Amino acid sequence: MRHDTRFAKTRLRAAASAAVAVALGAAALTAMPSTASAAGDGLSVQYRTSATGATADQSEPWFKVKNTGSTTVQLANVKLRYYFKADSASASYRFACSWAVKGCANITGTFGTLANPTATADRYLEIGFTSGAGTLAPGTDTSDMQLRFYQSTWQTLNQSDDYSFGASQTSYADWSKVTAQLSGATLWGTAPAGNDPTNPPTDPPTDPPATGATLFDDFNYSAYNDPKIAAHGWSVRSTSGGPGVSGATWAPENVTFASTSGNSVMNLETSTSGTGESTKQTEVVTNTRKFKNGTYAARVKFNDAPKYGPDGDHLVQTFFTINDLTAPMADDYSEYDFEYLPNGGWGETSNILYTTSWETYQADPWVAVNQHTEGRQSYNGWHDLVLTIDNNNIKYYIDGQLFGTHDAAYLPERPMSINFNQWLIDFGGLTSSTARAYDEQVDYVLHVKDQVLTPAQVAAKVAAYRGAGTTFEDTVPSS
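Here the structure is a predicted model, which means the values were calculated and not measured.

A count of helices and strands for the protein gives two helices and 31 strands. When the 479 residues of the protein are sorted by exposure, 54% land in the buried category. Within the protein, contacts between residues at least 6 apart in sequence are counted, and of these 75% link residues at least 24 apart.

Here is the structure:
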């Protein structure tokens, strides 16, 4: 959950707020596509850079991906890899998209470590696509993808020793030092020796142990005051306080339960008539903080339109995990958010989804230390949300697709609670006093302690619970 109406992107160890690209130099190669995975499949990659210097504040690999085959390609099945040499063994990097014809919200960037380091590569940036990127018909390309990455400390990068870097590539041309895969098969480019992109070393295990301590709740309750809710470790909030508009209260009676398609669904309703005193917000939270590393998952329905009344309030619909801030800028604070703003807010004018990993903050003067990824598009409807935390990074998935990877600097130091809430930042300039209400719905929640599951493994685990008729289980020990 956000702590203030101002969305801050400040980082504790980042001194710069903007990067200036500098110019860099190396030789181009003729691209030789690999054997296609199936008849009719084919991809090529064109590359250029707008940061051509031997050193730069950020690396700027720009790409076009072309379908050279005879069948239509789903971009969600395409992965590119750009290989580089880390600036130090402890260096961490962040990905950003400046502009893309396919939409930056539909492009993902994650970092990995090569199994067999070479003199010019020990890391890679993997570029992927969400389903929103659509398809490529034969002979068409993605057009511009203006991408960049930088050290999390904003220290200068040395590009001159990076395998995939080409200083002379100031206009688009085929580039074989970037690999492209379609559904796991390499169709283009040559990786550094001994590092074919198949079966990357940073993947989670294919078959995680089946015995991990687990919380699963299908939210099979009769009402907000059902005694089973407290017995199962949940609290429906009625206490005062933030976040939200001044004067708002938390209304437990606005948390309801109903059957949808054979499953019990929890509904959080937030209502207002345009004043703080008329605003009723909703939150459901675990009573204990006992969740830390592992996998968190929930199926959540975000809604762009109100269930009744005029639209336009700046609303936040959430799934997150959090602990308490013991002091301003305390370094043992942790919070990991999925936050959907259907009407914008925090300076955004349209719908946007944030995933944010928090290191710490202080309220006055406002300072926020976090890392975030955003998707500027509608997420109206049901979505499978997965968050994984291990000893190396934090990953966020939406509908089976990797949405963002955040750095080890933001890993949790203490256990946290699991929360869902829906609240108002402000009224979005809406002056109407007409009553209106918004819904966020939750199908289930799952946590598996100390295990990183793929989205497919999450789905299988939930299906197994439901197949066995299990609506609740909590074997996670108290911390």
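Counting residues in hydrophobic clusters, the biggest one holds 39 residues, and the most contacted among them are Phe219, Trp234, Met266, Phe319, Ile418 and Phe420. With four residues, the top contributor of residues to this core is strand β21 (residues 294-302). With 36 residues, the next largest nonpolar core counts Val45, Leu80, Phe165 and Ala185 among its residues.

Counted according to the given criterion, the structure contains one disulfide. Between the sulfur atoms of Cys97 and its disulfide partner Cys104 the distance amounts to 2.1 Å. Judged by the sign of its S-S torsion, about -70 degrees, the bond between Cys97 and Cys104 is left-handed.

Turning our attention to the confidence of the model for the protein. When pLDDT is averaged across the protein, the result is 88; 89% of the residues are at 70 or more. Low confidence marks residues 2-37, where pLDDT is under 50. Its contacts with residues over four positions away, or in another chain, come to 115 contacts. Within the model, pLDDT remains below 50 along residues 199-208, and this stretch shows 18 contacts once partners closer than five positions in the same chain are excluded.

Moving on, we come to the sheet that holds strand β12 (residues 173-174). Pairing is antiparallel in the open sheet, where five strands are placed in the order β6-β10-β3-β1-β12. Looking at the sheet topology across the chains shown, the edges are occupied by β6 (93-100) and β12.

What follows concerns the sheet that holds strand β7 (residues 107-118). Pairing within the open sheet is antiparallel, and its five strands lie in the order β7-β8-β5-β13-β14. Each edge of the open sheet carries a strand with a single partner, namely β7 and β14 (185-188). Taken pair by pair, the neighbouring strands of this sheet meet at an average axis angle of 30 degrees, ignoring direction. Summarising the sheet, strand β13 (residues 178-182) and β14 pair through three bridges and their orientation is antiparallel. Of the residues in β14, the one forming a bridge with Leu182 is Ala185.

A few words on the environment of Ala223. Relative to the helices and strands, Ala223 resides in the loop between β15 (214-217) and α1 (227-231). Judged by its relative accessible area of 25%, Ala223 falls in the partly exposed class. Distance in space between the C-alpha atoms of Ala223 and Met266 is 9.3 Å, their sequence separation being 43 residues. If we skip the residues at most four places from it in the chain, Ala223 touches Ile229 and Phe257.

Attention now moves to the pairing of strand β3 (residues 61-67). Of all the seven residues making up β3, five are buried; the element is thus mostly covered by neighbouring parts of the structure. As paired elements, strand β1 (residues 43-49) and β3 share seven bridges and run antiparallel to each other. Bridge assignment links Ser44 to a residue of β3, and that residue is Lys66. Examined bridge by bridge, β3 and strand β10 (residues 145-151) share two bridges and lie antiparallel to one another. The residue bridging Trp62 from the neighbouring strand is Gln146, located in β10.

Turning our eyes to something else, we now look at the packing of aromatic side chains. On inspection of all chains with the given rule, the structure shows 29 aromatic pairs. Between Phe84 and Phe149, the aromatic rings sit 4.9 Å apart at their centres with planes inclined by 40 degrees, giving tilted as the arrangement. Taken as a pair, Phe84 in strand β5 (residues 78-84) and Phe149 in strand β10 lie far apart in primary sequence, 65 residues in all. The exposure class of Phe84 is buried, given its relative accessible area of 1%. Judged by its relative accessible area of 1%, Phe149 falls in the buried class. Every member of this aromatic cluster is reached through a ring pair, and the members are Tyr47, Phe63, Tyr82, Phe84, Tyr93, Phe111, Phe149 and Trp175. The cationic tip of Arg81 hangs over the ring face of Tyr124; the distance from NZ or CZ to the ring centre is 3.7 Å. Directly above the aromatic system of Tyr163 lies the positively charged group of Lys177, at a separation of 5.1 Å from the ring centroid.

In terms of burial, strand β26 (residues 381-389) is a largely internal element, seven of the nine residues being buried. Taken together, the nine bridges between β21 and β26 define a ladder with antiparallel strand orientation. The residue of β26 that forms the bridge with Ala298 is Leu385. Once β26 ends, the chain turns through four residues before running back antiparallel as strand β27 (residues 394-398).

Turning to unusual backbone geometry, a few remarks are in order. Note the cis peptide between Gly242 and Pro243, where omega equals 0 degrees. The residue Pro243 is located in the loop between β16 (234-236) and β17 (249-250) in this model. The step from Asp364 to Pro365 runs through a cis peptide bond, and the omega angle for that step is -5 degrees. Position of Pro365 relative to the elements: it lies in the loop between β24 (352-362) and β25 (367-375). One non-glycine residue, Ser143, lies in the positive phi region at around 60 degrees. Looking at where Ser143 falls in the secondary structure, it is placed in the loop between β9 (135-136) and β10.

A word on the environment of Asn303. Note on placement: Asn303 falls in the loop between β21 and β22 (314-322). Classification of Asn303 by relative accessible area gives buried; the value is 14%. Beyond its immediate stretch of four places on either side in the chain, Asn303 contacts Gln317, Pro342, Asn380, Asp439, Glu440 and Gln441. Polar side-chain contacts of Asn303 include one of 2.7 Å to the backbone oxygen of Asp439.

About the cut-offs
- Here the residue numbers are simple positions, counted from 1 along each chain's written sequence.
- Local features in this predicted model are restricted to residues whose pLDDT is 70 or higher, and side-chain atom pairs enter the listing and the counts only when it is 80 or higher, whereas totals over whole chains, interfaces and linings include all residues.
- Side-chain figures throughout are based on the complete set of non-hydrogen atoms in the structure, without hydrogens or water.
- Working definition: helices are DSSP H or I runs of at least four residues, strands are E runs of at least two. Numbering for both runs from the N terminus.
- In this scheme, a residue with accessible area under 20% of its type's maximum is buried, one over 50% is exposed, and one in between is partly exposed, where area comes from a 1.4 Å probe on protein chains only.
- Between two residues, a contact is recorded if the distance between any of their heavy atoms is within 4.5 Å.
- The definition of a nonpolar core used throughout is a set of buried Ala, Val, Leu, Ile, Met, Phe, Trp, Tyr and Cys residues joined through side-chain atoms within 4.5 Å.
- Cysteine sulfur atoms are paired as a disulfide whenever they come within 2.5 Å of each other.
- Confidence of the predictor at the level of single residues is captured by pLDDT, which takes values from 0 to 100.
- Only when DSSP finds a minimum of two bridges between them are two strands counted as paired.
- Throughout, an axis means a line fitted to C-alpha atoms (over the contacting stretch in the case of helices), and angles, computed between N-to-C directions, take values from 0 to 180 degrees.
- Paired rings are identified among Phe, Tyr and Trp, the last through its six-membered ring, by centres lying within 6.5 Å, and are further divided according to the angle between planes into stacked (under 30 degrees), edge-to-face (over 60) and tilted (the rest).
- When the NZ atom of lysine or the CZ atom of arginine is within 6 Å of a ring's centre and also within 35 degrees of its normal, the charge is said to sit over that ring.
- Pairs of N or O atoms are called polar contacts if they sit within 3.5 Å, as long as, within protein, a hydrogen donor faces a hydrogen acceptor (for residues adjacent in sequence, only side-chain-to-side-chain pairs).

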